[in-house]
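Residue strings, one per chain:
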Amino acid sequence: ETGVTQTPRHLVMGMTNKKSLKCEQHLGHNAMYWYKQSAKKPLELMFVYSLEERVENNSVPSRFSPECPNSSHLFLHLHTLQPEDSALYLCASSRSGGTTNEKLFFGSGTQLSVL
Amino acid sequence: GQSLEQPSEVTAVEGAIVQINCTYQTSGFYGLSWYQQHDGGAPTFLSYNALDGLEETGRFSSFLSRSDSYGYLLLQELQMKDSASYFCAGPNGATNKLIFGTGTLLAVQP
């Protein structure tokens, strides 16, 4: 148990659907992240929030829309996705997000399949 | 560009020692982290090297040589439960955020 919980664990959606991924951390951290993990590729950083403000958007298509209502919750809203968006989406948190030597605490991810 | 390269797969037997290498090309580098991820699980932090040399944590050790842009993770007395993917990670000099290596799938055989 890492202290970071993601739901759902698995999601299958059509290209015209709208769905949301949810992440919750119970560690008292101030920074939260979304990563995309595709087969045989490095983890790709998508978004970073620090103290509920988005501090990084890593050139992610607008069909992915993050939301951070408070420091414990992070959402990723999905709409009109493409089959190439099928991947494992990982949420992570860290104490402040200010330095790269911080440990990241990851959730187990949402395995997304876009049909 | 910024990248960290690792071998894609490594196989070893129980009780053996295995080394997983990581070479990197990043600007403004100042530390290397290692994460472990079991199939279907969350990546978990293993170690961090800020300075050159060896850091030891139980059966796992991590090494860094900044002059060679190189590091490795050393796993001793391998156990079946060590079968997992291992990722090195370092800072993106432009954004100051972590970027991850390509990952190494370690298979431990009886």
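Here we summarise the structure given alongside this text. (Residues numbered from 1 in each chain as written. Chains lettered and ligands numbered in written order. Predicted model: local features only at pLDDT ≥ 70, side-chain atom pairs only at ≥ 80, totals over all residues. Heavy atoms only, no water.)

Notes on the nonpolar core
Then comes step 1: Residues W34, F64, L76 and L78 of chain A are the most contacted members of the largest nonpolar core, which totals 22 residues.
Then comes step 2: Sorting the residues of this core by element identifies β2 (10-13), β3 (18-25), β4 (31-37), β5 (44-50), β7 (64-70), β8 (73-79), β9 (87-94) and β11 (110-114) of chain A as the ones contributing at least two each.
Then comes step 3: Residues contacting L78 of chain A, with those up to four places away along its chain left out, are L11, M13, N17, K18, K19, L21, R63, F64 and L112 of chain A.
Then comes step 4: Counting residues in hydrophobic clusters, the runner-up holds 21 residues, among them V18, C22, L78 and A84 of chain B. (Core = buried A, V, L, I, M, F, W, Y, C linked by side-chain atoms within 4.5 Å. Buried < 20%, exposed > 50% of the residue type's maximum accessible area, 1.4 Å probe, protein only. Helix = DSSP H or I, 4+ residues; strand = E, 2+ residues; numbered from the N terminus. Contact = heavy atoms within 4.5 Å.)

Thoughts on the state of the cysteines
Then comes step 1: This model, assessed by the stated rule, comprises two disulfides over all chains.
Then comes step 2: Paired through a disulfide, C23 of chain A and C91 of chain A show a sulfur-sulfur distance of 1.9 Å. Measuring the twist about the S-S bond at about -75°, one finds the C23 of chain A-C91 of chain A disulfide to be left-handed. Here the residue C23 of chain A occupies a position in strand β3, and C91 of chain A occupies one in strand β9, the gap between them amounting to 68 residues.
Then comes step 3: The buried category is assigned to C23 of chain A, whose relative accessible area is 0%.
Then comes step 4: Note on cysteine connectivity: C22 of chain B is disulfide-linked to C88 of chain B, with sulfurs 2.1 Å apart. Taking the torsion about the S-S bond as the criterion, the C22 of chain B to C88 of chain B disulfide, at about 75°, is right-handed. Here C88 of chain B lies in strand β9 (residues 84-91) and C22 of chain B lies in strand β3 (residues 18-25), a separation of 66 residues in the sequence.
Then comes step 5: On the basis of relative accessible area, C88 of chain B is assigned to the buried category, the value being 0%. (Disulfide = S-S within 2.5 Å.)

Digging into the sheet that holds β3 of chain B
In sheet architecture, strand pairing relies on hydrogen bonds along the backbone and comes in two forms, parallel and antiparallel.
All names here are of chain B.
Then comes step 1: With respect to topology, five strands assemble into an open sheet ordered β1-β3-β8-β7-β6, the strand pairing being antiparallel. Two strands in the sheet have a free side with no partner beyond their single neighbour: β1 (3-5) and β6 (53-57). Here the strands of the sheet are splayed against their neighbours by 20° on average, with no regard to which way each runs. (Pairing = 2+ DSSP bridges. Axes fitted to C-alpha atoms, helices over the stretch in contact; angles between N-to-C directions.)

Remarks on the sheet that holds strand β1 (residues 4-7) of chain A
Residue and element names in this part refer to chain A.
Then comes step 1: Across the sheet, which stays open at both edges, the four strands sit in the order β1-β3-β8-β7 with antiparallel pairing between neighbours. Across the chains shown, the open sheet's two edge strands, defined by having one partner strand only, are β1 and β7. Averaged over all pairs of adjacent strands, the angle between strand axes in this sheet comes to 20°, irrespective of strand direction.
Then comes step 2: Looking at chain direction, β3 and β8 are connected through seven bridges and run antiparallel. Its bridge partner being in β8, S20 is matched across the sheet by H77.

Focus on the interface of chain B and chain A
Then comes step 1: On the chain A side, the residues contacting the 19 residues of chain B number 22 residues.
Then comes step 2: Carbon and sulfur atoms make up 60% of the area that chain B and chain A hide from each other, which totals about 1700 Å².
Then comes step 3: Where chain B touches chain A, the interface holds zero salt bridges.
Then comes step 4: At the boundary of chain B with chain A, the tally comes to three residue pairs in polar contact (both at pLDDT 80 or more).
Then comes step 5: Breaking the side of chain B that touches chain A down by element, the ones donating at least two residues are β4 (32-37), β5 (44-49), β9 and β10 (98-100) of chain B.
Then comes step 6: With three residues, the top contributor of residues to the side of chain B that touches chain A is β5 of chain B.
Then comes step 7: In terms of residue class, the side of chain B that touches chain A is made up of 10 nonpolar, eight polar and one charged. (Buried area = accessible area lost by both parts, 1.4 Å probe. Salt bridge = Lys/Arg side-chain N within 4 Å of Asp/Glu carboxyl O. Polar contact = N/O pair within 3.5 Å; in protein donor to acceptor, adjacent residues only side chain to side chain. Nonpolar A, V, L, I, M, F, W, Y, C, P; charged D, E, K, R; others polar.)

As for the environment of E67 of chain A
Residues and elements named next belong to chain A.
Then comes step 1: Looking at where E67 falls in the secondary structure, it is placed in strand β7.
Then comes step 2: Classification of E67 by relative accessible area gives partly exposed; the value is 35%.
Then comes step 3: Along the backbone, E67 and Y49 are 18 residues apart, and their C-alpha atoms lie at a distance of 9.1 Å.
Then comes step 4: When sequence neighbours within four positions are dropped, the list of residues in contact with E67 reads Y49, H73, L74, F75 and H77.
Then comes step 5: Engagement of the side chain of E67 in a polar contact is seen with the side chain of H77, the distance being 2.6 Å.

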